[in-house]
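# Structural overview for review
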There are 2 protein chains.
Amino acid sequence: MKFKILLFAFILSGYNFMFSQSQSQNLNLMPYPDNLELNSGKFRISEQFSAKLNQQGRRAQKAADRFLSRLAKRTGLFIEDPFSEINLDETSSNFNISYQKEGLIKLNEDESYYIKINTESIHLEAVTDIGVIRGFETLLQLLSSDEEGYFFPEVVINDSPRFPWRGLLIDACRHFMPIDVIKRNLDGMAAVKMNTLHWHLSEDQGFRVESKTFPKLHELGSDGLYYTHEQVKEILNYASDRGIRVIPEFDVPGHATAILAAYPELGSAPGPYEIERDWGIFDPTLNPILDTTYIFLDKLFGEMSELFPDEYFHIGGDENNGKQWDSNEEIQEFMKKMNFSDNHAMQGYFNNQLLKILTKYDKKMVGWDEIFHSSMPNNIVIQSWRGKEALIEAAKKGYQAILSNGYYIDLIQPTDFHYLNDPLEAEVDLDESEKNLILGGEATMWSEMISTETIDSRIWPRTAAIAERLWSPQNIKDVEDMYRRLENISFQLEEHGLTHIKNYEMMLRRLTNNKDTEALENLISVIEPVKIYNRYRLRKQTQQTPLSRVVDAATADAKDAREFRNIVDEFLSEKKVDNKKVQQIKSYLALWKNNHFQLKKVIENSPILKEIELMSENLTNLSQVGLDILEITLGERTVTESWQKESLDIINKAKEPVAQTELMIVSAIEKLLNSIK
Amino acid sequence: MKFKILLFAFILSGYNFMFSQSQSQNLNLMPYPDNLELNSGKFRISEQFSAKLNQQGRRAQKAADRFLSRLAKRTGLFIEDPFSEINLDETSSNFNISYQKEGLIKLNEDESYYIKINTESIHLEAVTDIGVIRGFETLLQLLSSDEEGYFFPEVVINDSPRFPWRGLLIDACRHFMPIDVIKRNLDGMAAVKMNTLHWHLSEDQGFRVESKTFPKLHELGSDGLYYTHEQVKEILNYASDRGIRVIPEFDVPGHATAILAAYPELGSAPGPYEIERDWGIFDPTLNPILDTTYIFLDKLFGEMSELFPDEYFHIGGDENNGKQWDSNEEIQEFMKKMNFSDNHAMQGYFNNQLLKILTKYDKKMVGWDEIFHSSMPNNIVIQSWRGKEALIEAAKKGYQAILSNGYYIDLIQPTDFHYLNDPLEAEVDLDESEKNLILGGEATMWSEMISTETIDSRIWPRTAAIAERLWSPQNIKDVEDMYRRLENISFQLEEHGLTHIKNYEMMLRRLTNNKDTEALENLISVIEPVKIYNRYRLRKQTQQTPLSRVVDAATADAKDAREFRNIVDEFLSEKKVDNKKVQQIKSYLALWKNNHFQLKKVIENSPILKEIELMSENLTNLSQVGLDILEITLGERTVTESWQKESLDIINKAKEPVAQTELMIVSAIEKLLNSIK
């Protein structure tokens, strides 16, 4: 990369400049505030910087101390007064923080804040301490420097979120995620003003919370990998300190193999059951006609309702394939007796029982699309993984709803795809009260293909763009400007211990057996893991297979590929051949063409890389095609039939996934080829 | 660095080659085994690799599963049988593991193991499962590859440790270290066969364990940063799974400010007391003449003795400055009455009371040098921070003793300094039974100047060399070969989540505000933090000042500087001018000379770097002096008086610390200068 950084510095800076005068006024804020006025003054930060709060309050004080500590860490300043203070006499300090009341960790709590910075002082004001916390993050994103030192620019900001439910689902079941992973991601969420952690805790592959009422659940259903009550409380406190709600999900009646490994008698088939190691949709399903099932769920949900204080409680409800119900005669009889036409109706009955239980514990039920059934009252919340139509339909029927379709970050789609996915398009056919039922959205970090080493690189930085979609005004949607800001946010997120950048480098060292990583980086910068569920289709994986290969180091938005596609698009959109663009395209292609020679030597030293040798060859060949096309464009070469055939073969071959990754510059080369036809 | 890697590849490979035929037979083992026979065969690893144990046993099975998982991660192999199995019918598998009994997590437990690898199979045998765990680490260090794939070389290894106490002290008080930090370091310890975590838990700056008998200790003495009992147990289990003992330290009667912040009535002066934020030796000391002090310690040590099962218990006992005792009239009267001639005698009385308490709880007392007093029986263990003479004196008087002097890794001394520090020199004046009293040693990670971000880079990789000193035969002490192996071990340690390499890169990104880090890396590769306690002397720091500056990114053993010094030494040791060496030296000097131009631009963009601008200039000037000397050596230039004066000025200036770091090539330039005199 180093070489390329030098080589293409001019390209990148060109890009930055192009978009710097856009909506974001060249500030690196994300999510971008609702209302911002930028002026030219600077508030300079010195070692005498101090923060004063208008009142006592544990959460705000801790947040202010964290703010000061982060500011010190970034600037290296030995701030003389490293703890925030309570400003009893209300004299003006250089950083004055005030709020009216402690916020509740609750849906629809006020998160708005106001910042006014001039050369003399900073004022941060909010209704709640949660608003103050949101404001701290904006301030840290505003931190700037010039030759004189660090400063905050002169701004006035009035900011509040567009949607009240801005969530991240973390699946701690497919692969267990220890609490330090959860904590650093809560910090990441707070940094981009997300307010809801959806903690997926029960699955075919694991039941991940200690249960004091049913200890066999964690003893037999988790391989010893579960959260104790004390750890759950630690996470709840950590989240609360950052103004983040935590919604637990216990997925029933399907996705329940781990529960049935502990309590097979609750299954719709005799069992025995073992923790599932594979990925997919499985048969084991709770028996919906047993009293014992509901007694079990009543006690379990009672215990968990007490442990998790949020008023919402997620019961999953998705992907019950119905096989065990179909082949269980008693269930079939019951359904006949009850006049249930299908399994969906049977599940509606099941969900209604759950609703009674949850209502008893003062909880509101949340579930996936499948819980949406005519028999259910509309005081439940539908989380839509199927699509926006389902979301809109739910709202029309009076249900509250949150969108996850389009935010499945496990599927390795590009950031702009998620970014432009609006839960509430301007032209949507809903009236105002229906629109208010759309609470927001949730990015979903399903964990089949991730480990503790790679989870951060799947969540970040893409989730920051989703956070912006859910917080910022609808009209903030300039993709290139988003990418510009995203790069900066991504780097800043590292201060929370997030590993999305540093584990990439570590994985490259491991992959090359600690040899020079440059050639491998050049390749990974233009490949991405295959999308959607293709990785599993191409090669079966289980809970135990290693996640340390090239496909795991690769990420969405392969950077060089994206930049290359952009340049090619611009080049092709111009009527006259732009020689500077030709040179830029050539530089990339020459680098890639020659990369295989270096990479081959690295591969010889590292058998784990053997599988991507073909990909590296494809890149070389494809780059040669690209170089040929440029020569043709410039009239330095003529098109022959054999060249055309060969080129098409190379392009087609390069479209095939290799080692579960795909080459992201093929479309650009294809466009170039089409341009000379 | 990338540029340099290319430029100097030939130098490095030259070095590797020079030492490759040394004691270690070119294997990357550390600690190096007691007895090893290397043959030419290869046991090839495929997806059908499987591990079979000769008996049930939770610890060995979990360790075998971890072994398989790490092997899969490194090789990328989808091992079909990812869990170890119990070989009931004793048929031969491709990896057979057997041991006789479960080891006790106890001093002097058997840790020996035997490995025999041929082309067909691997046998790992041990007396205890702890020996098996040690053997797994050796195996993973043996993993090799060629063009055909991964293999283990054909070896026979008989291995056991030289010393039974091979420890690492982690100070969780000056800066709190959350349990994920402790866990990853336990993994690092296990990787180099260390077996004792000395957990420093009580200090002036914090009391770090929940106390159920005296909750004010953690409530008022920790800023909320402490380990719960559940977390302690989690660490104890984690350590036990890796064959590691955990010795808690509760430092009394000095270093006790945090205790007195909670219970001021136990102090030797009236108080009130506040958690100390500064570093050094402070006055607050427990009152040794109050019954309540001993009632308190009895209950507290009772609680902690139950929590920590190891038979050893550390009571600190160091650095009581005696000021509070001197000025407390009642204590003075008591001392007179008891005929105590000095505070050391008073502390002897105090320690004897503690000894009674600990004996009641079946604990053996460990303390720092200061607890060594004629009034103490010799069933206590002395940990020597003062020096080897104290260690030997203790052994002569019949005390068991462990060495920490020379292993103070917080003082940023080079690895070879620690490596060559032998607790039991061959020529030591002790008889065999006295020698047996020297139990081993402990690296001490005091945490005044480290944070969770930097702790790993202070511990690793240097502690691996200390681990080798304490495990391997005395005659394994080739420094260059140690450095060669250390680099490989350092990289392998990353698989445990240790951050010594990746946080370095992250800190560089932060320091440069996410710009090109190369010029800064070039500088940091030749500077080190000032040694011993000079950092604090140069600039006061407290618990809250940031540890994110260049001095924190810099580490011991600045790599380029060490290599440069080696080349210069070799160059100067030869009678005839070696032109190849001249070129090597020139390449370094030219790089450094020109580095300032690039770095200046980075500094302009990043005020936190401003403080090292002078260091960068010094490097440039010093490199010019070096280049001049080479020209003089080659007869291309003559020495003038003014040049000589100027050069001396530059060298003297470069000796001054800048931003609490020092330039590590000055001595080499000085040698070059002297060579032309």
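As shown above, the structure is provided for reference.
Residues numbered from 1 in each chain as written. Chains lettered and ligands numbered in written order. Predicted model: local features only at pLDDT ≥ 70, side-chain atom pairs only at ≥ 80, totals over all residues. Heavy atoms only, no water.

## A look at the overall build of chain A
The criterion, for reference: Strands are runs of DSSP state E lasting at least 2 residues, helices are runs of H or I lasting at least 4, and numbering of each runs from the N terminus. The size measure is the radius of gyration over C-alpha atoms, and the globule rule it meets is 2.2 Å times the number of residues to the 0.38 power. Each residue is assigned to one of three classes by its accessible area relative to the maximum for its type, calculated with a 1.4 Å probe on protein chains only: buried under 20%, partly exposed between the two thresholds, exposed over 50%.
Of regular secondary structure, chain A possesses 26 helices and 19 strands. At 27 Å, chain A has a C-alpha radius of gyration in line with the 26 Å of a compact globule built from 677 residues. With the C-alpha coordinates aligned to their principal axes, the bounding extent of chain A is approximately 80 × 75 × 50 Å. Per-residue burial over chain A gives 63% buried out of 677 residues.

## So, the pairing of strand 12 (residues 245-250) of chain A
Residue and element names in this part refer to chain A. Heads up, the condition is: Should DSSP find at least two bridges between two strands, the strands are taken to pair.
Counting buried residues in strand 12 gives six out of six residues, a clear majority hidden from the surface. Along strand 12, one buried face is formed by R245, I247 and E249 and the opposite face, lined by V246, P248 and F250, is buried too. Note: strand 10 (residues 196-203) against strand 12, six bridges, orientation parallel. Opposite H200, over in strand 12, you have E249 as the bridge partner.

## Some remarks on the pattern of salt bridges
Pairing of side chains with opposite charge becomes possible as their charged atoms draw close. All names here are of chain A. Note the following rule: Within this document, salt bridges are pairs made up of a side-chain nitrogen of Lys or Arg and a carboxyl oxygen of Asp or Glu, the two lying within 4 Å of each other.
Scanning the entire structure with this criterion turns up 104 salt bridges over all chains. The residue R242 makes a salt bridge to D187 at a minimum N-O spacing of 2.6 Å. Of the two residues, R242 sits in the loop between helix 6 (229-241) and strand 12 while D187 sits in helix 4 (residues 179-191), which places them 55 residues apart along the sequence. Considered together, R242 and D187 belong to a single accessibility category, that of buried residues.

## As for the environment of F301 of chain A
All names here are of chain A. For the record, the criterion: The contact rule is simple, with two residues in contact once any of their heavy atoms fall within 4.5 Å.
Along the chain, F301 falls in helix 8 (residues 291-307). For the pair F301 and P161, spaced 140 residues apart in the sequence, the C-alpha separation amounts to 32 Å. Apart from residues no more than four positions distant in its own chain, F301 is found in contact with F250, V252, F313, I315, L354, I357, L358 and Y361.

## Brief notes about the packing of aromatic side chains
As a reminder of what qualifies: Planes of paired rings set the category: under 30 degrees apart is stacked, over 60 is edge-to-face and the rest tilted, where pairs are Phe, Tyr or Trp rings (Trp by its six-membered ring) whose centres lie within 6.5 Å.
Scanning the entire structure with this criterion turns up 52 aromatic pairs over all chains. Between F176 of chain A and Y227 of chain A, the ring centres sit 4.7 Å apart and the planes meet at 45 degrees, which makes this aromatic pair tilted. Of this pair, F176 of chain A sits in the loop between strand 9 (165-171) and helix 4 while Y227 of chain A sits in the loop between helix 5 (216-221) and helix 6, and the two are 51 residues apart along the sequence. Comparing F176 of chain A with Y227 of chain A, the two get one shared label, buried. Where F95 of chain B meets F136 of chain B, the ring centres are 6.1 Å apart and the plane angle is 75 degrees; that geometry is what we call edge-to-face. With F95 of chain B in strand 4 (residues 95-101) and F136 of chain B in helix 3 (residues 129-142), the pair connects residues that are 41 residues apart, well separated along the chain. Each member of the pair, F95 of chain B as well as F136 of chain B, is classed as buried. Pairwise contacts between aromatic rings join F43, F49, F67, F95 and F136 of chain A into one cluster.

## Here we look at the packing of helix 18 (residues 502-511) of chain A against helix 18 (residues 502-511) of chain B
Applied cut-off: Here, axes are lines fitted to C-alpha atoms. For helices the fit covers the stretch in contact, and angles between N-to-C directions go from 0 to 180 degrees. Angle categories are assigned with fixed cut-offs, so that under 35 degrees is roughly parallel, over 145 is roughly antiparallel, 65 to 115 is roughly perpendicular, and the rest are oblique. Take the far helix as the reference: if the near one is turned anticlockwise from it by less than a right angle, the crossing is left-handed, and if turned clockwise, right-handed. In this classification, the charged set is Asp, Glu, Lys and Arg, the nonpolar set is Ala, Val, Leu, Ile, Met, Phe, Trp, Tyr, Cys and Pro, and all remaining amino acids, among them Gly, are polar.
Close contact between helix 18 of chain A and helix 18 of chain B brings their axes to 9 Å; oriented N to C, the two are set at 135 degrees. What the angle tells us is that helix 18 of chain A and helix 18 of chain B run oblique. The element helix 18 of chain A and its partner helix 18 of chain B pack so that their crossing is right-handed. Contact residues: helix 18 of chain A offers K502, N503, E505, M506 and R509 of chain A, while helix 18 of chain B offers K502, N503, E505, M506 and R509 of chain B. For the contact of helix 18 of chain A with helix 18 of chain B, a count of residues per class yields two nonpolar, two polar and six charged.

## Overview of the nonpolar core
Defined as follows: To form a nonpolar core, buried Ala, Val, Leu, Ile, Met, Phe, Trp, Tyr and Cys residues must be joined to one another through side-chain atoms within 4.5 Å.
Membership of the largest hydrophobic core comes to 190 residues, with the highest contact counts inside it found for F152, W199 and F301 of chain A. For this core, the element with the most residues is helix 23 (residues 579-604) of chain B, which contributes nine residues. The next biggest cluster of nonpolar side chains, apart from the first, holds 188 residues, and it includes A519 of chain A together with F163, I455 and L493 of chain B.

## Brief notes about the side chain of R535 of chain B
Checked against the element boundaries, R535 of chain B lands in helix 20 (residues 534-538). With sequence-adjacent residues up to four places away left out, R535 of chain B is seen in contact with M449, R458, V530, Q541, L547, R549, V551, D552 and Q660 of chain B.

## Observations regarding the relation of the copies chain A and chain B
Keep this limit in mind: The least-squares superposition of copies is restricted to C-alpha atoms, and to residues with a pLDDT of at least 70 in both copies.
Placing chain A over chain B gives an RMSD of 0.0 Å and needs a rotation angle of 180 degrees, together with 0.0 Å of translation along the axis. Both chain copies can therefore be described as sitting about a two-fold axis. Residue K502 of chain A of chain A places its C-alpha closer to the rotation axis than any other residue of that unit, at 2.7 Å. When the interface residues of chain A are mapped onto chain B, 100% of them again fall at the interface, so both copies present the same face.

## Description of the packing of helix 8 of chain A against helix 11 (residues 343-360) of chain A
All names here are of chain A. Relative orientation of the contacting elements helix 8 and helix 11 amounts to 35 degrees, with a least axis distance of 10 Å. Read as a crossing pair, helix 8 and helix 11 show a hand that is right-handed. Of helix 11, the residues touching helix 8 (which contributes T293, Y294, L297, D298 and F301) are Y349, F350, Q353, L354, I357, L358 and K360. The residue inventory of the contact of helix 8 with helix 11, partitioned by class, reads eight nonpolar, two polar and two charged.

## Describing helix 4 of chain A
All names here are of chain A. Short version of the rule: Each residue after the first adds 1.5 Å to the expected span of a helix.
Over its 13 residues, helix 4 extends 18 Å from the first C-alpha to the last, a length consistent with the 18 Å expected when each residue adds 1.5 Å. Of the residues making up helix 4, those classed as buried are I179, V181, I182, R184, N185, L186, D187, G188, M189, A190 and A191. Where helix 4 is buried, its residues meet helix 3 (129-142), strand 9, strand 10, helix 6, helix 15 (455-459) and helix 17 (479-493). Directly beyond the C-terminal end of helix 4, a positive phi value near 65 degrees is found at K193.

## Some points on the interface of chain A and chain B
Worth spelling out the cut-off: By buried area we mean how much accessible surface two parts lose on assembly, using a 1.4 Å probe and totalling the loss over both. Counting of polar contacts relies on pairs of N or O atoms within 3.5 Å, with two restrictions inside protein: one atom must be capable of donating a hydrogen and the other of accepting it, and residues adjacent in sequence are counted only when both atoms are side-chain atoms.
With 54 residues of chain A at the interface, the matching set in chain B holds 55 residues. Summed over both sides, the interface of chain A with chain B buries roughly 4,700 Å², with 57% coming from carbon and sulfur. Connecting chain A to chain B are eight salt bridges. With a shortest N-O distance of 2.6 Å, R509 of chain A and E494 of chain B are connected by a salt bridge. Along the contact surface separating chain A from chain B lie 20 residue pairs in polar contact (both at pLDDT 80 or more). Sorting the residues of the side of chain A that touches chain B by element identifies helix 1 (2-20), helix 2 (58-75), strand 7 (144-146), strand 8 (149-159), helix 6, helix 17, helix 18 and helix 19 (518-524) of chain A as the ones contributing at least two each. Take the side of chain A that touches chain B: its biggest share by element is six residues, from helix 18 of chain A. Classifying every residue of the side of chain A that touches chain B by side-chain character gives 13 nonpolar, 16 polar and 25 charged.

## A word on the environment of Q474 of chain A
All names here are of chain A. Structurally, Q474 can be placed in the loop between helix 16 (462-471) and helix 17. Judged by its relative accessible area of 26%, Q474 falls in the partly exposed class. Sequence separation between Q474 and D422 is 52 residues; the distance between their C-alpha atoms is 7.9 Å. Those residues within four positions of Q474 in sequence are excluded, and the remaining contacts are R162, D422, L424, E425, A426 and R469. At a separation of 2.7 Å, a polar atom in the side chain of Q474 contacts the main-chain carbonyl oxygen of L424.

This is a description of form; function is not addressed.
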